[in-house]
Amino acid sequence: MKFRHKVLLVNIIIIAITLSISGYLIMSRQNRLMMDAQIKNAVTENNLIESVVEYSLLDIINNPKKSVKGSLPDISNQVTAGMLSTDTELFVGYEGELIYASNKKDTIPKKLLRKPAESGRKRYEVALEKQGSFVYVITAIFVEEKEIAIITKRNITDTKFIINNNIKMFRYFIVIILSLSGFLVYVLSLLLTRPLEKLNRVTDDFAEGNFATRSKIRSRDEVGLLSEKFNHMADSVENHIDELNDMIHRRDQFVADFTHEIKTPMTTIIGYADTIRSVELPRETEVKAAHYIFSEGKRLEQMSQHLFDLIYLKDGEIPKQPVNTQALGDAVVETILPSIEKAGISLEADFENDSLVGDASLLKTVFINLLDNARKATVAALDTDRASKEDADSNKDDTSKENDKNSEKKIIRFTGKKLPKESKNDGERYQFIVEDQGIGIAKEDIDRICDEFYMVDKSRSRQEGGAGLGMSLVAAILKEHGADLSIESELGVGTKMIVTF
């Protein structure tokens, strides 16, 4: 059953019950008043007849020549002719015997003669007969110890007809009112539920995959609030679906990149291994092939370790404990310094003593990766500078060449410091900075540098044993530690990696 039909049914039931109860109470009161008026008139008329009869009997009692029983018909006849209304008939009984009737053709129930009212009191009965409705008023008087019953029969058929007609008209009135109110309620419920129908259609469209659809209902009632909630839900669902689609795309890209990255070293390993297996090579060539096999195997091992760390960060719970910033920085420098010095690059390090909460080994991985990237970028810059100066250097003397060699030595800076609070409500902050004088990163590459398998210079990265997983691992570790990574870079000048805890 539709909601508007429920509203219609409930309202008709409420209106019907309300009209019936109120109408019944009003009609009952009105009918009661009309019947009370008729009964009151009948009793008053009976009182007058009783008074006249009693007064007339006084003369009969004092006259020994007349009897009460014989005189009652004459007295009753005089009363009928002089004061009885056209709607009333008079009956007089003597000792349980009917001795007078104003209408000879009419009769009364014998029980009224046998059991009249007590002396000095009256009683009445409403009777429905074939001729109509009547009110009987009975009075008993005693004269010479004989019971005389004075009974009036008042016709109230017209009153009963009016009452019944009022009831009938009231029923018609209820039917008409219910019909009109039902029509109005249906129209109103149709207007009130129309926004719900619109929202229902929008919901169906949304369920069928049209995630861009939105409800355009604008009202200040509950339906308008429901519309706003639906739009808010639709926005959230659409955003989540976009995120899921992006995640699926990234996953597919991840699988494709991973397959490609594995295929390259595996092809090299298989090729050199097959050469060593099937061809007798000179010792120098054999060592060179073994070196390629070893280096590509190490690259696969490094890639596997990075992938394992990424999966661990996404699915595992990282235990955290206080980490001294100076000790962390010194441990990183001790690990990375030999490879930096081997590349002919200077490393400057300085750390303010403070404490962080995190995993020391994972944080060490972060800064080793950042410093290793700085080394690669600086080496690339040195190679570029040397290639561009080869022709000019051939024309200089030995002293000038030595000065140029010293001047082209570059520096990587690795520093850590406390940051002042920007306001009283801010927490304490600590910042590590890795700054190099390398080739720099283009702006379009900065936004993607933390994606899995993304490499700015793929050929150089593979030569260095990289697989494009270092920065994605860095981003995942820093996210787990609630740290922010910002990158400032300029092509040909250098890059600054800023990590803020």
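Source: prediction; values computed, not measured.

Summarise unusual backbone geometry; cite the residues concerned and give the values.
Among all residues except glycine, the phi angle is most often negative; among peptide bonds, the trans geometry is most common. With a phi angle near 55°, E95 is a residue other than glycine that sits in the positive phi range. Examined against the element boundaries, E95 turns out to sit in the loop between strand 1 (88-94) and strand 2 (97-101).

Please provide a residue-by-residue account of the pattern of salt bridges, values included.
Proximity of charged atoms lets side chains of opposite charge pair with each other. Scanning the model with the defined rule gives 14 salt bridges in all. Two residues, R123 and E125, come together in a salt bridge whose shortest N-O distance is 2.8 Å. Here R123 falls in the partly exposed class, since its relative accessible area comes to 26%. Residue class for E125 comes out partly exposed when judged on its relative accessible area of 25%. Note that R283 is salt-bridged to E286, the shortest N-O span being 3.6 Å. Here E286 and R283 lie together in helix 6 (residues 283-315), a separation of three residues that amounts to about one turn.

Can you explain the side chain of T213? Please cite residues and give values.
Of note, T213 is situated in the loop between helix 4 (157-207) and helix 5 (222-278). With near-sequence residues (within four places) excluded, T213 lies in contact with V202, D205 and F206.

Describe in detail the sheet that holds strand 3 (residues 122-129), supporting the description with residues and values.
In a beta sheet, neighbouring strands are held together by backbone hydrogen bonds and run either parallel or antiparallel to one another. Sheet architecture is open: five strands sit in the order 2-1-5-4-3, paired in antiparallel fashion. The open sheet is flanked by strand 2 and strand 3, the only strands paired with a single partner. Each adjacent strand pair in this sheet contributes to an overall mean axis angle of 25°, direction not counted. As judged from the seven bridges shared by strand 1 and strand 5 (residues 146-155), these two strands associate in the antiparallel manner. Residue pairing for strand 5: G93 is matched across the bridge by A149.

Kindly report on the sheet that holds strand 11 (residues 484-490), identifying the contributing residues and their values.
The sheet built from five strands is open, its strands ordered 7-9-10-12-11 with mixed pairing. Of all the strands in the sheet, the pair left with one neighbour each is strand 7 (346-351) and strand 11. Taken over all neighbouring pairs, the strand axes of this sheet differ in orientation by 10° on average, direction set aside. This element, helix 7 (residues 325-342), spans strand 7, strand 9 (411-419) and strand 10 (429-435) of the sheet and lies at about 175° to strand 7.

Could you give an account of the nonpolar core, naming the residues involved and the relevant values?
In terms of nonpolar packing, the biggest core is built from 38 residues, with F367, L370, F414, F432 and F501 touching the most fellow members. Put simply, the parts of the chain that give this core at least two residues each are helix 7, strand 7, helix 8 (360-393), strand 9, strand 10, helix 12 (470-480) and strand 12 (494-500). Per element, the largest residue contribution to this core is nine residues, and it comes from helix 8. Not counting residues within four places of it along the chain, the set of residues in contact with L370 comprises V434, M471, V474, M497 and V499. Core analysis: the next-biggest nonpolar cluster, separate from the first, contains 17 residues, V53, L72, L84 and Y94 among them.

So, how was this worked out
- Residues numbered from 1 in each chain as written.
- Predicted model: local features only at pLDDT ≥ 70, side-chain atom pairs only at ≥ 80, totals over all residues.
- Heavy atoms only, no water.
- Helix = DSSP H or I, 4+ residues; strand = E, 2+ residues; numbered from the N terminus.
- Salt bridge = Lys/Arg side-chain N within 4 Å of Asp/Glu carboxyl O.
- Buried < 20%, exposed > 50% of the residue type's maximum accessible area, 1.4 Å probe, protein only.
- Contact = heavy atoms within 4.5 Å.
- Pairing = 2+ DSSP bridges.
- Axes fitted to C-alpha atoms, helices over the stretch in contact; angles between N-to-C directions.
- Core = buried A, V, L, I, M, F, W, Y, C linked by side-chain atoms within 4.5 Å.

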